[in-house]
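Below are the chains, spelled out letter by letter.
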Amino acid sequence: MCSCFGTGTGTNTDAGVQPLRLDLPTSHDALAKLQVGQELRLFGRIYTMRDVGHQRCLEMLKRDGQLPFRLAGEALFYAGPTPAADDRPFGAIGPTTAARMDFAAPDLYRAGILLTLGKGCRSAAVAEAAAETGSVYLTTVGGAAALLAEKVLTAKLIAWDDLGPEALYCLEIADFPAFVAIDSRGRQL
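Quick caveat, the model's predicted, so the values are computed rather than measured.

Caption draft 1: How the structure looks around the overall build of the protein. Within the protein one finds five helices and seven strands. Its helices and strands in sequence order give the protein the pattern β-α-β-α-β-α-β-α-β-α-β-β, from N to C terminus. Radius of gyration (C-alpha) of the protein: 15 Å, near the 16 Å computed for a compact globule of 189 residues. Dimensions of the protein along its principal axes, counting C-alpha atoms only, are 40 × 40 × 30 Å. Expressed as a percentage of the 189 residues in the protein, the buried residues total 51%. A separation threshold of at least 6 residues defines the contact pool for the protein, and within that pool the share at least 24 residues apart is 65%. Of the accessible surface of the protein, which amounts to about 8,600 Å², a share of 53% is contributed by carbon and sulfur atoms. Charge-centre separation for the protein: the mean point of 18 positive side chains lies 1 Å from the mean point of 21 negative side chains.

Written out as structure tokens, the structure is:
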């Protein structure tokens, strides 16, 4: 049963408290300060990756002993964007259900991914890996893909163009809304 709707501590969404700015890429020190439930605004660089990309990434990690494409120390956004629209890199970009990537997240955290972003609950194994590595899982609002696309300033195809919208992209984002769903101590929202 999903326990992601339990009560969290350290929420900063009360009236009058501004969301916390988090610049990406980030550090373990910055992530250690985050608390479950905190509202954030993300700025900087984040990569998109979904199911098949995770499988390919794990194969490359196993083969080479390190994350490909200089992903160590980076953030992953579980998303599959639509084509460009209205002078934006994407017409829409919404979060994918993060539990679909639970098969890979612990290994990717251990290999150096610092932060993941998606929607929904994660497994106990992901929370344990976050605590072990000091990584975090953030969630963002589903159903607001057109609004979220307005927060993407640039997008560059990095790899796996054969995957279409599930290819690996590097995005530059600004004022992107997110909430801490699993903190670096493994506490879940």
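Caption draft 2: Representation of helix α2 (residues 51-64) within the structure. Compared with an ideal rise of 1.5 Å per residue, which puts 14 residues at 20 Å, α2 spans 20 Å between its outermost C-alpha atoms and is within 8% of the ideal. By the burial criterion, the buried members of α2 are Asp51, Gly53, His54, Cys57, Leu58, Met60 and Leu61. Packed against the buried residues of α2 are β3 (75-77) and α3 (105-111). Backbone geometry just downstream of α2 places Gly65 in the positive-phi region, at approximately 80°.

Caption draft 3: How the structure looks around the packing of aromatic side chains. Under the defined criterion, the tally for this structure stands at three aromatic pairs. Their ring planes at 85° and their centres at 5.5 Å tell us that Phe90 and Tyr169 sit as a pair that is edge-to-face. On the criterion of sequence distance, the pair formed by Phe90 in the loop between β3 and α3 and Tyr169 in strand β7 (residues 168-182) is long-range, its members being 79 residues apart. The class for Phe90 is buried, based on a relative accessible area of 5%. Against the face of Phe43 rests Arg21, its NZ or CZ located 3.8 Å from the ring centre. Directly above the aromatic system of Tyr137 lies the positively charged group of Arg122, at a separation of 4.8 Å from the ring centroid.

Caption draft 4: Highlighting the environment of Ser27. Along the chain, Ser27 falls in the loop between β1 (20-24) and α1 (28-32). Using a relative accessible area of 32% as the deciding quantity, one classes Ser27 as partly exposed. Along the chain, Ser27 and Ile93 lie 66 residues apart, while their C-alpha atoms are 25 Å from each other.

Caption draft 5: Seen up close, the pattern of salt bridges. Tallying each qualifying case throughout the model produces 15 salt bridges. We note a salt bridge from Arg50 to Glu166, for which the minimum N-O separation is 3.4 Å. You can see Arg50 sitting in the loop between β2 (39-48) and α2 and its partner Glu166 sitting in the loop between β6 (152-159) and β7, a full 116 residues away along the chain. A relative accessible area of 17% means that Arg50 is categorised as buried. Here Asp175 makes a salt bridge to Lys151, at a shortest N to O gap of 3.7 Å. One end of the pair, Asp175, is in strand β7; the other, Lys151, is in the loop between α5 (145-149) and β6, with 24 residues separating them in the sequence. In this structure Asp175 comes out as partly exposed when scored by relative accessible area, which is 32%. Three or more residues are tied together by salt bridges with common partners; here these are Glu39, Arg41, Lys151 and Asp175.

Caption draft 6: Region of the structure containing the pairing of β7. The buried fraction of β7 is high, at eleven of 15 residues. As paired elements, β2 and β7 share nine bridges and run antiparallel to each other. The partner of Gly44 across the bridge, within β7, is Ile173. Where strand β5 (residues 136-139) and β7 come together, three bridges link them in antiparallel fashion. Each residue of the ladder has a partner; that of Leu138, found in β7, is Val180. With six bridges joining them, β6 and β7 adopt antiparallel strand pairing. If you follow Ala159 over to β7, its bridge partner there is Leu168.

So, how was this worked out
Residues numbered from 1 in each chain as written. Predicted model: local features only at pLDDT ≥ 70, side-chain atom pairs only at ≥ 80, totals over all residues. Heavy atoms only, no water. Helix = DSSP H or I, 4+ residues; strand = E, 2+ residues; numbered from the N terminus. Rg over C-alpha atoms; globule rule 2.2 N^0.38 Å. Buried < 20%, exposed > 50% of the residue type's maximum accessible area, 1.4 Å probe, protein only. Contact = heavy atoms within 4.5 Å. Areas by Shrake-Rupley, 256 points an atom, 1.4 Å probe, with all protein chains shown as cover. Lys, Arg positive; Asp, Glu negative; His and termini not counted. Charge placed at Lys NZ, Arg CZ, Asp CG, Glu CD. Expected span 1.5 Å × (residues − 1). Phe/Tyr/Trp six-rings, centres within 6.5 Å; stacked < 30°, edge-to-face > 60°. Lys NZ or Arg CZ within 6 Å of the ring centre and 35° of its normal. Salt bridge = Lys/Arg side-chain N within 4 Å of Asp/Glu carboxyl O. Pairing = 2+ DSSP bridges.

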